[in-house]
Amino acid sequence: MDTDSSQSGQSRALKPQNPPEESAFTAGHSNRLFLQHLSLLFASMGLLMSVWHPSAPTTSSHPTFSSDFHRMAFPISSRLAVTLNSPPVSPADSRSRWSSDQHSHHFLLSPCKREATRSPAELSSDGVRAEMGVTSGLHVWEVVWNPSHRGSHAVLGISMHDCPLQASGYNVLVGGDSQSWGWELKTNQLWHDGQTLQLYPRNGHPEVIEKFTPQRSTSPYTKVAQSPLLIPEHILMVLDADAGTLGFVVDGCFLGVAFRHLPHGVELFPAVSSVRGGARIKLRYLNGTTRDPPALLALCGLSIHQCLGQPRHNQMDKLPLPPVLQQYLRRSHYYTHY
């Protein structure tokens, strides 16, 4: 045996073995490095997608499909974008239920309590609010309300615990007092404290007229849209309890903040009010987040989704990524076009 081989064997024999604690530390360090490399890979993919697919948009976060609301869309924060891009919670989540106690007796709830139906009743305004409210965080609910089942005074918004949920005559309930804030879907008017505040979305009504109204308002004249926008069946309600704001997403477009300066630390509930017999209104809680910044992995996944664009999300399996990463991207894709 030559001298070099002998010395090499001796050095291997004399090399100390790693104690169990050091091995565990090394394994944990390797896992952290793997996650860091994974995040960097996602970030790199967001930059390289334009090379892999030259026609992919890289800067626009607006929907790629045609919508009358496209021109009214406002930019959204990364916090909201990640929330909309996350998979929804289970439909059985308790935040997806209408309250079995807090509703007008003219509203009947389905057995799962996710749908409320107003019974025919003359000269009555009726409301219902969610079973659970929130006091902090960013939260998104989906409300499904067929436009043909709305009638007049169809209002969607939020309320505090003591908002009135039944009144005589045909009135706006959600937004009709200081305990609630509502968007009247037929006229596009915003209501709070019994007053019509303005039209919403703000940039969606270039032509308005001043109309005299005997209703309580900031003045005897209220702005009325000559051609109110037809709000589609599916509406997302975005409540940021930390910032004290409420806004709405329609046809994949965030229409901006509707209400500001909502009370902090007070439980706020999704709520609706209606005067039409047979109106059926479904509620589903989609997702939420704390005020902490989004995770790097989620931001990188969002970047890849936006780079692909809505029409190319069915090409996810063609990405040059390991199957486990493709699975993550497919799982996280839900409302990425918002």
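This text follows the structure it describes.
Residues numbered from 1 in each chain as written. Predicted model: local features only at pLDDT ≥ 70, side-chain atom pairs only at ≥ 80, totals over all residues. Heavy atoms only, no water.

Draft legend 1. Representation of the pairing of strand β17 (residues 280–289). For strand β3 (residues 115–118) and β17, the ladder comprises three bridges, and the chain directions are antiparallel. When the sheet's bridge partners are listed, Ala116 is paired in β17 with Ile281. Two elements, strand β5 (residues 138–145) and β17, share eight bridges in a ladder whose sense is antiparallel. Residue Val143 lies in a different strand from β17, and its bridge partner there is Leu283. (Pairing = 2+ DSSP bridges. Helix = DSSP H or I, 4+ residues; strand = E, 2+ residues; numbered from the N terminus.)

Draft legend 2. Spatial organisation of the packing of aromatic side chains. Here the structure, examined in full by the defined rule, presents four aromatic pairs. Consider the rings of Trp183 and Tyr200, whose centres lie 5.0 Å apart with planes at 85 degrees: the pair is edge-to-face. Here Trp183 is found in strand β8 (residues 180–184), whereas its partner Tyr200 is found in the loop between β10 (195–199) and β11 (208–212), with 17 residues between them in sequence. According to the relative accessible area criterion, Tyr200 is buried, its value standing at 0%. (Phe/Tyr/Trp six-rings, centres within 6.5 Å; stacked < 30°, edge-to-face > 60°. Buried < 20%, exposed > 50% of the residue type's maximum accessible area, 1.4 Å probe, protein only.)

Draft legend 3. Region of interest: the sheet that holds strand β14 (residues 245–250). Spatially, the seven strands line up as an open sheet ordered β2-β3-β17-β5-β13-β14-β15, and their pairing is antiparallel. Looking at strand neighbours, the two that pair on one side only are β2 (107–109) and β15 (253–259), the edges of this open sheet. The average undirected angle you get between the axes of adjacent strands in this sheet is 25 degrees. In the sheet, β5 pairs with strand β13 (residues 234–240) via seven bridges, with the strands oriented antiparallel. Note that in β13 the partner of Val140 across the bridge is Val238. (Axes fitted to C-alpha atoms, helices over the stretch in contact; angles between N-to-C directions.)

Draft legend 4. Here's a closer look at helix α3 (residues 78–85). With seven of eight residues buried, α3 is to be regarded as a mostly interior element. Looking at α3, one finds that the buried residues are Arg79, Leu80, Ala81, Val82, Thr83, Leu84 and Asn85.

Draft legend 5. Representation of the pattern of salt bridges within the structure. In the structure shown here, the tally under the stated rule is six salt bridges. Close ionic contact of Arg79 with Asp242 constitutes a salt bridge, the shortest N to O distance being 3.0 Å. Here Arg79, found in helix α3, pairs with Asp242, found in the loop between β13 and β14; they are 163 residues apart in sequence, far enough to count as distant. As far as the burial class goes, Arg79 and Asp242 line up, both buried. For Asp93, the salt bridge is made with Arg95, and the minimal N-O distance between the two is 2.9 Å. You can call Arg95 partly exposed: its relative accessible area is 23%. (Salt bridge = Lys/Arg side-chain N within 4 Å of Asp/Glu carboxyl O.)

Draft legend 6. The pairing of β8, seen in detail. In terms of residue burial, β8 counts as a mostly covered element, since five of its five residues are buried. Both faces of β8 are covered, namely the face carrying Ser180, Gly182 and Glu184 and the face carrying Trp181 and Trp183. Pairing between strand β6 (residues 155–159) and β8: five bridges, direction antiparallel. By the bridge assignment for β8, Ile158 is matched with Trp181. Bridging between β8 and strand β9 (residues 189–192) involves four bridges; their strand directions are antiparallel. Bridging from a neighbouring strand, Trp181 pairs with His192 of β9.

Draft legend 7. Structural context of the environment of Gly182. Following the sequence through the fold, Gly182 ends up in strand β8. Assessed through its relative accessible area of 0%, Gly182 is described here as buried. Spatially, the C-alpha atom of Gly182 lies 8.4 Å from that of Ala271, the residues being 89 residues apart in sequence. Excluding its chain neighbours within four sequence positions, the residues that come into contact with Gly182 are Val155, Leu156, Gly157, Val174, Gly175, Gln189, Leu190, Trp191 and Phe259. (Contact = heavy atoms within 4.5 Å.)

Draft legend 8. Representation of the environment of Gln195 in the model. Relative to the helices and strands, Gln195 is located in strand β10. Distance from Gln195 to Val172, taken between C-alpha atoms, is 9.7 Å for residues 23 residues apart in sequence.

Draft legend 9. Here's a closer look at the nonpolar core. In terms of nonpolar packing, the biggest core is built from 40 residues, with Trp183 and Phe248 touching the most fellow members. Elements with a minimum of two residues in this core: β4 (124–130), β5, β6, β8, β13, β14, β15 and β17. For this core, the leading source of residues is β15, giving four residues. Beyond its immediate chain neighbours, meaning those up to four positions away, Phe248 contacts Leu156, Trp183, Tyr200, Ile235, Leu236, Met237, Cys253, Phe254, Leu255, Gly256 and Ala258. (Core = buried A, V, L, I, M, F, W, Y, C linked by side-chain atoms within 4.5 Å.)

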